Each structure stands twice: as C-alpha cells, then as structure tokens.
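Below are the chains, spelled out letter by letter.
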Amino acid sequence: MHVLPAEGSRIYILSGYFGTVKYVGPVDGTTGLWLGVEWDDSNRGKHDGIKDGKRYFECRVSNSGSFIRPSSSICCGCSFLQALNNKYVETVHGTASQEKIVLGSSNGAIEVEAVDLDKIRGKFANLERLREVSLDNEMVSTGNDPGEILSTCPNIRGLDLSATLLSSWDVVAMITAELPQLERLALNRNRLRPPPSQLPASACLRLSEIQLNGTWTSWEEFTSIAVFMPQLRIAELGYNGLTFLSHAKISAVLSRIEILNFDSNQLEDWRHISEALTPCTSLQRLILSSNGIEMIPPRSSCPSHLRGLKVLSLSSNKLHNSRDIDQLYEWCPQLETLSLANNPLTEAFSARQQVIAKIPPLRVLDATAISAKERSDSELFYLSFVAKTVPGRDEDKMKEHRQWKTLCMKHGRPAESTANRDGRLSRYLIEVKVHHCSEPPGAHFTQELEGDLITSASLRVLSTMKLGPFRLRVMKALGACKIPRNNIHVWLRMSDDTLALLQNDDQELGWWGIESGSHIVVHMAQQN
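The notes below deal with the structure included here. (Residues numbered from 1 in each chain as written. Predicted model: local features only at pLDDT ≥ 70, side-chain atom pairs only at ≥ 80, totals over all residues. Heavy atoms only, no water.)

Overview of unusual backbone geometry
Even without a glycine there, the phi angle at aspartate 52 is positive, about 50°. The topology assignment puts aspartate 52 in the loop between strand S4 (50–51) and strand S5 (54–55). The exposure class assigned to aspartate 52 is exposed, which follows from its relative accessible area of 71%. Phi angles above zero are rare outside glycine, and asparagine 63 is one such case at about 55°. Positionally, asparagine 63 belongs in the loop between S5 and strand S6 (65–68). We classify asparagine 63 as partly exposed; its relative accessible area is 40%. (Helix = DSSP H or I, 4+ residues; strand = E, 2+ residues; numbered from the N terminus. Buried < 20%, exposed > 50% of the residue type's maximum accessible area, 1.4 Å probe, protein only.)

Encoded structure:
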C-alpha cells in the first residue's frame, strides 16, 4: 500500500520532477484515488486543475497541473537529520586496518591500500563540527523532534536547503530555530506556502543572508518573513516571476538591507522600483539584470530612493537610448560599479566611452576597471563627439549631454583641448583590422592561415580600451554575441608575421602595442 501524500505536501517523482499536491481524491468518470499536482516545471503540466469542466484545484502558473496515480515512484521526502546523515556520515565498515580503495581520477584503473579509514570516517561523522552544510536536492521535507537538531549540529553557519520537499515556513522555522549560529540560508527552487503571521522568536534571529531564487515568493511574502530576520543584510529573489513590488509590509528590517538581487524577473518600471525600495535606506547593491527594462525616466522633482547605490546591474535589459545613462546618473549619483552588457545601447559606437564620461564616479564598467587614463581619454573623446554632432550654444548641448559644461571646465573646451594636446578625434581613435579564423592559428600569419579566414572587419577603438571590452566589440562586429567572452582567443600579428596571443583582459590595447593599422586574428572556440 502506497503512502498517500497530504494536500499541500511536496513530492518528487523518479522521472525527475518536483511538484506540490493540490488535490487528493476521486475524479469524475474514473475509479480510485488521484493526486492533483502542480508541477514546478510547467512543461509537464496539462491543465489548470480543471477536468471535463470541473475545477479540482488551482495552479499559480498557467497549465502546470495534471493528475497522477499514487505509486512507489513518488518520493515524499525525509527528515533534516536523516538527510544530513545520508550526506555527511559514511557507514563504518568494521574491517581490518587496511582497505583497498580505487582512486576516483583513475577511472577504476588504480587500486591502493588505505589504513584506518574507519578512524577518518569517525571524524567526519562528528556533525557538531559542521559549519557549512549543503542539502541541495537531498529531499528534506520535515524537521525532527525538539532538541535533536540542536544537540546534533549546533554550529552550522551556512545552510543550503535548495530544491528540497519543504512545503511551509513553519517547517523551515522548526529547523532554523535549532541552529543558533545560522547566518546564511538558501531555499532556492522550493515552493513554500505563504508565511504565517507568527514564527518562533529564535527561528531566524542571526540570519544575515537569505536566498529565495526560483521560489515564486512575492515581495509582499518576502517582507512578511523579513520581519523575523532583524540582522538581514542580503536577499536574493531572482527568477520569481515578479512584475511589481507593491503591498510590502514595511518594517525596520528593510532599512538594514544592503544587497538585493532581482535577476531574471519582469520588473520593467524603473520609477516603480525606486518607489518600492523606499524603505531600503542602506541599499548598496541592486541586481536588475534580465528584467525587460526599456528606459530610465527623468527624475525631475521625483525623489530618488537609490541615491546611495554603489553597485548596479542592468545587463540584458532593453535600454536603447544614450540619454538613459544621463538619467541613471541623476537617480544614482554615487554609482561606482555598473553592468550594462547586452543592452541595445551598448552596441552603439563608442558606447563605453560615453558611459564613462556621463557617470563621473564610475570605477568599473561591465566587470572591467576604468583606469585614470581611460577616463581622461573617454571624456576628451566625448567632448569632441558632442562638439561635432550637436551644433549651437552650450545650452543646446546641455539638453542632450548634461556633462558638457562639467567636462569643459575639467578639460577645456574642445577647441582649446585640440590646441594644447593635438587632440583631433583621430588622435584618440585607432583603426585595426580583425580577421576571423576558422581554426586556431599556428605561430605565424601564413598564406595557409589566410585561406582559413572566415571574414574580416575594421574596428575604430580607443587605444586605452582594455582587452576585455575589446573582445566584446569583436564579438559584436563578427555577430558572435552568444559565445562566452573567454572562448574568444585573440592574437596580434607582429611585424615579422609571428602571432602573439593576448591573454590579460585588464591590459589596454596600447600596452600590447596595438595601433592604427594593426592586424588582429581571432578564433572562436566552440562551446562544450
């Protein structure tokens, strides 16, 4: 007789799917009992809990439900300590002092004798010593009797309970209340019912970091549970299908949060995000990559609640207007680190130079540090660009380029700069020839190599550009934006036709000796 899961419980079937039981009972027109399940992977679902016009249960995600029969292939989980022992305690063999073991790296080819392995097993079995514990995918579904966890592993600081069969915050609290040293908790890819109004006072007392990625936890649910975490500093809510951050239960806890991660949600409205994060007065780092943000609106008289932000990720959004960068600086005037890769605006000519010039405190852009020389050259280039493209008085230039006057005061007006520095635009730009090679080249640029070339392109860049951003420019020029940057191998053709491999992404092109007329050979390694 199979154990029948209760409504609301989590299950795992051996074919590899997690789900939540939403209904247990008969289905009209059939015999026996059925389980109505909402699957974590909606692709396995067939409907929304409606069968032949009758609703049996509801699904949070459209078409993620189906009916299955109770069977032995359904796993309902185990207790926390059972999973802990399964993962960290190896059974004592009780053998002689010597055992034969196979070296894992030898694919079974090398067998050696080891001495007193049971003593080593005994040391690892001392769970009191554990500080960092990962029970990811270990099917934890319940806690244990009061006091058992505390007496077994009281010193855990970091705990990963991702992709388990936990179904409620009450069970999570039952476990964490007995871990008095716990500081970091990961609950990624679980499906927890909305939190209750009360939890044990000791449940999350010392918690400073919580991860709730892929849990479909709403902002309202998160702020409800954050009330019980007075030391919380870091919160991750990526991949949760969030479209808005309203209805938050405001608490003093939010004012202490320093890092928020909303990666891969659907938070498209920048102004709404700013308003919703009003309580987060200590926020230093905000991750908003892959959210579909199309524009940064003018701040105007609207107060900015992100003025203290130092680190911001807006990569893989839909920003397309360079004016968004000016407006971003108004919202975040202390921004030091910014990620903008894979936005339409970054594909424009001189995008990196313009971003650097428009955000004065910026130190790192798209994971590449900005040197003092790169900043100076970017600002001079930007001044020349504005002077050439926007005619009229300073007021006219300020409408489109808000750093115009500030940079003129710093470097002098473009006419003055060129007189003092021979600063024509061509002085800052170099033109290089990029050759895409189908096979990794040898040591020389030979006629055979020329036959392997797929395509060639000319690029105009600053000599102060670092190799890392240059790789990105090469990828865009050759239409290879989806290939990882580390898979792009770059060589410089030397004067004697030898090829020098360029590897340090933090070095500027000029440092490598790249100048106007240089030839670059590129090979794109296939992804594994």
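So that's the structure; there's more coming.
Section: the nonpolar core
Counting residues in each nonpolar core, the largest one holds 79 residues, and the members touching the most others are Phe80, Phe222, Phe262 and Leu277. Looking at which element gives the most residues to this core, the answer is helix H4 (residues 169–176), with 5 residues. The next biggest cluster of nonpolar side chains, apart from the first, holds 21 residues, and it includes Leu502, Leu509, Ile514 and Met524. (Core = buried A, V, L, I, M, F, W, Y, C linked by side-chain atoms within 4.5 Å.)

Concerning the side chain of aspartate 366
Secondary-structure assignment places aspartate 366 in the loop between strand S21 (364–365) and strand S22 (368–369). We note that aspartate 366 is buried and unpaired, the nearest opposite charge coming from arginine 352 at a distance of 5.4 Å. Side-chain polar atoms of aspartate 366 contact the backbone nitrogen of alanine 341, separated by 3.0 Å. (Lys, Arg positive; Asp, Glu negative; His and termini not counted. Salt bridge = Lys/Arg side-chain N within 4 Å of Asp/Glu carboxyl O. Polar contact = N/O pair within 3.5 Å; in protein donor to acceptor, adjacent residues only side chain to side chain.)

So, the sheet that holds S6
In space, the 5 strands of this open sheet follow the order S6-S3-S2-S1-S7, with antiparallel pairing throughout. Looking along the sheet, the strands with just one partner apiece sit at the ends: S6 and strand S7 (74–75). Pairing geometry for strand S3 (residues 34–39) and S6, over 4 bridges, is antiparallel. Across the sheet, residue leucine 35 finds its bridge partner in S6, namely isoleucine 68. (Pairing = 2+ DSSP bridges.)

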